[in-house]
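One letter stands for each residue in the lines below.
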Amino acid sequence: MKKLVLLATLWALLIIPMYSGKAGAVDGAVIAYGLDAISEVGLKRILDADCMKYICVQHIHGRNWDSRLAHKRAEMLRKANKRIVLQIWWGPCGDFPWAKYGFPNIALDESARADFFKDVVDTCIEGFGAQNLYGVHLLEETGMQFGTDVGPRENPDDFLTFKEHSDSYGVPWYSGWGNPKVGGVHIANVRRHEKDFTRMTGLKFADESAWGASERYLFDRWVSTRLQSLAQVEFARYIHGKYPGLKAFTWDLINSAGENPRTDHHLEAKYFDGVIADPYGGTTFNFSWQRAYRTLYPNAEIINFSMGGMAGTTAYPQVPLDTKRSRTICAYLAGADVIGFFENPQDFDNPASWKINTEIMSKLKLLPRFKKKSSVLLISDGLSDVYASYMAWTGLKYCDFLPTWEAHGLDFSRYQVVILHSSGGDSLTYWNSPEMKRRYGLPGYIDCSRLDRFVAGGGVLILSGRLRIDADCPLFVAKRGYLHTTEPAGGRQMLVVTPTGWLKEKAGLKRDYRFSVTRRPVVYDPKRVASTSAGYFFRYGKGSVLFFPFFRFYDPKEPYTSKQWRDYRQMLSDVTRGVLRYCGKASVADEYIDNPDAGNYYMQALSDDKRVAGYMLPDNWLGMMNRTNWRINGRDLLSGAVDPPLCKSNTALLISPRDAAGK
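Residues numbered from 1 in each chain as written. Predicted model: local features only at pLDDT ≥ 70, side-chain atom pairs only at ≥ 80, totals over all residues. Heavy atoms only, no water.

Colleague: Outline the overall build of the chain, supporting the account with residue identities and numerical values.
Modeller: A tally of regular secondary structure across the chain gives 20 helices and 25 strands. For the chain, the C-alpha radius of gyration of 26 Å lies close to 26 Å, the compact-globule estimate for 663 residues. With respect to the three principal axes, the spread of C-alpha positions in the chain is 75 × 75 × 45 Å. Going through the 663 residues of the chain one by one, you find that 61% of them count as buried. In the chain, the proportion of contacts linking residues at least 24 apart, taken out of those at least 6 apart, comes to 73%. Total accessible area on the chain stands at roughly 25,500 Å², and carbon and sulfur atoms take up 51% of it. (Helix = DSSP H or I, 4+ residues; strand = E, 2+ residues; numbered from the N terminus. Rg over C-alpha atoms; globule rule 2.2 N^0.38 Å. Buried < 20%, exposed > 50% of the residue type's maximum accessible area, 1.4 Å probe, protein only. Contact = heavy atoms within 4.5 Å. Areas by Shrake-Rupley, 256 points an atom, 1.4 Å probe, with all protein chains shown as cover.)

So, in structure tokens, the structure goes:
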């Protein structure tokens, strides 16, 4: 014990001078629902906490707002070297109703946009004092229902006749989620701009009931690109033009299944200085959401608010110190620049919570920002369901992540491995984004020509799931005659993967795997493509392609810990590891794919500067772990624990490689 105490003391003496005061440290943040509503005690706590540098302030705007107290406090915070990021909230009714001041009109109606900037944006910023603000953004969790419209309204041009209500969750949603009768094409502000949609696509809202998947996609993409994100872009342009010292932020949610927000972050990334996000879940969402934002916005400032707990609710109970540490670490490892918690009561009004949060952020502030250029990109349809990326590809230690919806403009050349895990789509919408853009002015999902260049130049492309690669698909896989899928997709069938032939000789498999799947039939060229029980492999240019043409069959009564689920996930990892080694990428396999002896359910990453190593057990894998008490050599930089366990109650760690000795 004395030896451990001595080591811990020496380590503290070494680590603090090495990290403290370095540029690029991670900052803490708080959310304040009204700067003039903070108690004097709460304000003093914020002012006195060096680790809490960012104050994200929500301001609910009305015409008769008295700005004197907010301006005074904003000036006080600025002088204390705090950074205020102002959230401008207006509507849904009241002085500035979403009927007129909704995102569709801000995007496409110059007159409404000018009134919005003059009556809402300028008045808010000037009330706080532009010189006192660091950044500004519109509403929060946008891309779903906030800022769309109030309803129902019969006449889209009548901004005054509607039923007054203050429930911002009861207004129409772009996706129609919850109430399709007042959502989607039925939203008055969306109908108001139907001519723009028809001009681009040739489609009419009256025919919506007969639309198929392609037409529905065009509508969803039009909403995201032309209504929601274009409005955000107009706002960013305005801020940069009129307030050149002010940063423009966006709190648009990312399209990762679940509620399916209608946002085009690839477009917004060209204009915004920063992103704010509030993943409600645990470690999985805190990592994957922020990694997606970091992938899309490589140079922007990312502010992450993790769920700290909402008093009076059963869904979001107050979380203890170790859980808050884990959620903080996952956002940190994803590349977030600023980290805090959203909770009720607000942390600065809750002494116990404030003590926990400031303890975490004080230690985090001693560390450099975690920068990691991943060699592996995972693209998936979503995060939330059983076919999502993190239910299948559990064997990845670390990766960049993007939902398929946001992958259309990505440069694949910065990666060595691209994994596309998806149910796929038609040849135009899914695979040919440039042609979609040429025809409709709207992007598709994937630019197949970029994948062609990526593989030809030496990359490894892994295709996974019931992907449609039709015979007329422009992807080089089909276009150059290697293979294509046929219809219909098969029903449930048992798949047995055995270590014979190519799988044994080239991929190095050593065991059997048995699990039921649903798969697509494949036609392939036997002279150029190796066919195995696991899937198909071929060389192309300097690179390679591996295709697993199936999803694991989903039986809701079957636990995710079953042997079949474990076999499925282990097979994906083992075959991928073998293929990477066979293709001369053994170092990539070792760095990015889990050690099978340690189980398939941990994530691990070393920062590019090799100063911080992170370990994570994403929360939706916990029931699947082979190791429930894995001790990591070293000292945890947040808790101070020596050789801490990575386990169900301690799901994320930050370790120094100097202490971990590479283990």
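Colleague: Pulling in residues and values, what's your account of the sheet that holds strand 1 (residues 27-32)?
Modeller: The parallel closed barrel is built from eight strands, whose spatial order is 1-2-3-4-5-6-7-8. Across the sheet, the mean angle from the axis of one strand to that of its neighbour is 25°, orientation sign disregarded. Relative to strand 4 (residues 135-138), strand 3 (residues 83-89) is paired through four bridges, and the arrangement is parallel. Its bridge partner lying in strand 4, Ile88 is registered against Leu138. Sheet strands in contact with helix 5 (residues 110-128) are strand 2 (52-60), strand 3 and strand 4, and its direction is about 150° off that of strand 3. (Pairing = 2+ DSSP bridges. Axes fitted to C-alpha atoms, helices over the stretch in contact; angles between N-to-C directions.)

Colleague: Tell me what's going on with unusual backbone geometry, and back it up with residues and numbers.
Modeller: In this structure, the amide linkage connecting Gly91 to the following residue, Pro92, adopts the cis form with an omega of 5°. Considering the arrangement of structural elements, one finds Pro92 in the loop between strand 3 and helix 4 (103-108). For the bond running from Gly151 to Pro152, omega is -5°, close enough to zero to count as cis. Counting through the fold element by element, Pro152 comes out in the loop between strand 4 and helix 6 (188-191). Not every positive phi belongs to a glycine, and Glu141 is a case in point at roughly 50°. Along the polypeptide, Glu141 turns up in the loop between strand 4 and helix 6. For Lys610, which is not glycine, the phi dihedral falls at a positive 60°. Along the chain, Lys610 turns up in the loop between strand 21 (603-606) and strand 22 (613-616).

Colleague: Any chance you could break down the sheet that holds strand 21 for me, citing the residues and the numbers?
Modeller: What the three strands build is an open sheet, ordered 21-22-25; its pairing is antiparallel. Two strands in the sheet have a free side with no partner beyond their single neighbour: strand 21 and strand 25 (652-655). Along the sheet, successive strands turn relative to each other by an average axial angle of 10°, direction set aside.

Colleague: An account of the packing of helix 11 (residues 321-334) against helix 12 (residues 351-364) is needed here, citing residue identities and associated values.
Modeller: Contact geometry of helix 11 with helix 12 gives a least axis separation of 11 Å together with a crossing angle of 35°. Taken as a pair, helix 11 and helix 12 cross one another with a handedness that is right-handed. Only Ser353, Ile356, Asn357, Glu359, Ile360, Met361 and Leu364 of helix 12 make contact with helix 11, whose side of the interface consists of Leu321, Lys324, Arg325, Thr328 and Tyr332. Looking at the contact of helix 11 with helix 12 residue by residue, the classes come out as six nonpolar, three polar and three charged. (Left-handed = near helix turned anticlockwise from the far one by under 90°. Nonpolar A, V, L, I, M, F, W, Y, C, P; charged D, E, K, R; others polar.)

Colleague: Please provide a residue-by-residue account of the pairing of strand 21, values included.
Modeller: The alternating pattern of strand 21 places Met603 and Ala605 on a buried face and Gln604 and Leu606 on a face that is not buried. Sheet analysis places strand 21 next to strand 22, joined by four bridges and oriented antiparallel. The residue of strand 22 that forms the bridge with Met603 is Met616. Where strand 21 hands over to strand 22, the hairpin turn is made up of six residues, of which Lys610 adopts a positive phi near 60°.

Colleague: Account for the side chain of Arg552, naming residues and giving values.
Modeller: When you line up the elements, Arg552 lands in strand 20 (residues 550-552). Here Ser516 takes part through its side chain, which lies 2.8 Å from a polar atom of the side chain of Arg552. Within polar-contact distance, the side chain of Arg552 engages the side chain of Gln564 at 3.3 Å. (Polar contact = N/O pair within 3.5 Å; in protein donor to acceptor, adjacent residues only side chain to side chain.)

Colleague: Talk me through helix 2 (residues 40-48); I want residue IDs and the actual numbers.
Modeller: All buried positions along helix 2 are accounted for by Gly42, Leu43 and Ile46. Buried residues of helix 2, seen end-on, are gathered within an arc of 100° and therefore sit on one face of the element. In helix 2, the exposed positions angled more than 90 degrees off the buried face are occupied by Glu40, Val41 and Lys44. On its buried side, helix 2 packs onto strand 1, strand 2, helix 3 (68-79) and helix 12. (Arc of directions from axis to C-beta.)

Colleague: Tell me about the environment of Ala478, residues and numbers included.
Modeller: Residue placement: Ala478 occurs in helix 16 (residues 476-479). Separated by 415 residues in the primary sequence, Ala478 and Arg63 have C-alpha atoms spaced 60 Å apart. In this structure, Ala478 is in contact with Ile469, Asp470, Ala471, Cys473, Leu483 and His484, ignoring residues within four places of it in sequence.

Colleague: Report on helix 8 (residues 213-242), specifying residues and quantitative values.
Modeller: Its 30 residues give helix 8 an end-to-end C-alpha distance of 42 Å, which sits within 8% of 44 Å, the value for a rise of 1.5 Å per residue. In helix 8, a bend of some 40° at Leu230 exceeds every other bend along the element. (Expected span 1.5 Å × (residues − 1). Bend = angle between axes of the 7 residues up to and from the residue.)

Colleague: How would you sum up the pattern of salt bridges? Please name residues and give values.
Modeller: Across all of its chains, the model carries 40 salt bridges by this definition. In this structure, Lys44 engages Asp48 in a salt bridge whose closest nitrogen and oxygen atoms are separated by 2.6 Å. In this pair, Lys44 and Asp48 both sit in helix 2, four residues apart, roughly one turn of the helix. Here Glu359 makes a salt bridge to Arg325, at a shortest N to O gap of 3.7 Å. In this pair, Glu359 sits in helix 12 while Arg325 sits in helix 11, placing the two residues 34 residues apart along the sequence. You can call Glu359 partly exposed: its relative accessible area is 26%. One connected set of salt bridges, linked through shared partners, spans Asp27, Arg294, Asp337, Lys365 and Arg369. (Salt bridge = Lys/Arg side-chain N within 4 Å of Asp/Glu carboxyl O.)

Colleague: Tell me what's going on with the environment of Arg369, and back it up with residues and numbers.
Modeller: Position of Arg369 relative to the elements: it lies in the loop between helix 12 and strand 9 (376-380). On the basis of relative accessibility, which here comes to 22%, the residue Arg369 falls in the partly exposed class. The spatial distance from the C-alpha of Arg369 to the C-alpha of Ala336 is 7.7 Å, given a sequence separation of 33 residues. Arg369 has contacts with Gly24, Ala25, Val26, Asp27, Tyr332 and Asp337, leaving out every residue within four places of it along the chain. A polar side-chain atom of Arg369 sits 3.1 Å from the main-chain carbonyl oxygen of Ala25. Only 3.3 Å separates the side chain of Arg369 from the side chain of Asp337, close enough to count as a polar contact.

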